[in-house]
Each structure stands twice: as C-alpha cells, then as structure tokens.
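Residue strings, one per chain:
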Amino acid sequence: MARTTEPVLPLDQPRPLHGIAAARQIESAAAAVLPPHTLMQRAGLAVARLAQALAPHARRVCVLAGPGNNGGDGLEAALHPAAQRPAGAGAAEGGRRRPAR
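This write-up is about the structure you can find in this document. (Residues numbered from 1 in each chain as written. Predicted model: local features only at pLDDT ≥ 70, side-chain atom pairs only at ≥ 80, totals over all residues. Heavy atoms only, no water.)

### A look at the overall build of the chain
Looking only at helices and strands, the chain has 3 helices and 3 strands in total. Across the chain, helices and strands are ordered from the amino to the carboxyl terminus as α-α-β-α-β-β. By residue count, 20% of the 101 residues in the chain fall in the buried class. When contacts within the chain are restricted to residue pairs at least 6 apart in sequence, long-range pairs at least 24 apart make up 68% of them. Working note: accessible area of the chain is about 8,100 Å², and carbon and sulfur atoms make up 59% of it. (Helix = DSSP H or I, 4+ residues; strand = E, 2+ residues; numbered from the N terminus. Buried < 20%, exposed > 50% of the residue type's maximum accessible area, 1.4 Å probe, protein only. Contact = heavy atoms within 4.5 Å. Areas by Shrake-Rupley, 256 points an atom, 1.4 Å probe, with all protein chains shown as cover.)

### Topic: the packing of helix α2 (residues 38–54) against helix α3 (residues 68–79)
The contact between α2 and α3 brings their axes to 7 Å, and the two run at 55°. Here α2 is positioned oblique relative to α3, judged by the angle of their axes. Note on packing geometry: the crossing formed by α2 with α3 is right-handed. Judged by residue contacts, M40, Q41, A43, G44, V47 and A48 of α2 engage N69, G72, D73, E76 and A77 from α3. Each residue belonging to the contact of α2 with α3 can be placed in one class, and the counts come to 5 nonpolar, 4 polar and 2 charged. (Axes fitted to C-alpha atoms, helices over the stretch in contact; angles between N-to-C directions. Parallel < 35°, antiparallel > 145°, perpendicular 65-115°, else oblique. Left-handed = near helix turned anticlockwise from the far one by under 90°. Nonpolar A, V, L, I, M, F, W, Y, C, P; charged D, E, K, R; others polar.)

What follows is the structure in structure tokens.
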C-alpha cells in the first residue's frame, strides 16, 4: 500500500462531536453498508497516521491493545504500513499478557 499524506477526513470544514448513542448509531449505519472490518481498518489507519505525525523520527512503535473493537483498532494501527517502523503488538486476556503471534 502506497503511503499518502492526505488526511483521513477532509479538513476544509469543521466536524461535529457526537455523544455515545449518536456515535453508535452513526457507526452502525456505516457498518451496514460497508464491507466487514472497514471501520476498524479506517480507525487503524487514522491512528497510524497520527502516530507518524506526532513522532515522525521514532525508531519503534509500541501498541498496547486490549480486548474488543478498540483493541482491534490498535492492532490494525500496529500492522499498518503508514507506521513504517518496526511495530510490537501484544494481546491481553484475563489480565495476563500474551505476545501476539
């Protein structure tokens, strides 16, 4: 995948903030019309790009991801080529750390 410098969302207009219920409704509507895992992949890309913007000279990336969809977003970010650095990822289950395979 080629690296791009375009923002995930266009920056030419303000974006509204939503409460939990509204965000879940928006997410459900989007997930209903998109291929599986698209939202998680987009979230991972956004996190990888943000990490690159915040620390462009970092030599390594460490992603600590818990269970659930937010953890999946983190794993997507760790695996995304936008990070362009060695990435470490791990998974936790029941309070015990288990290295990713």
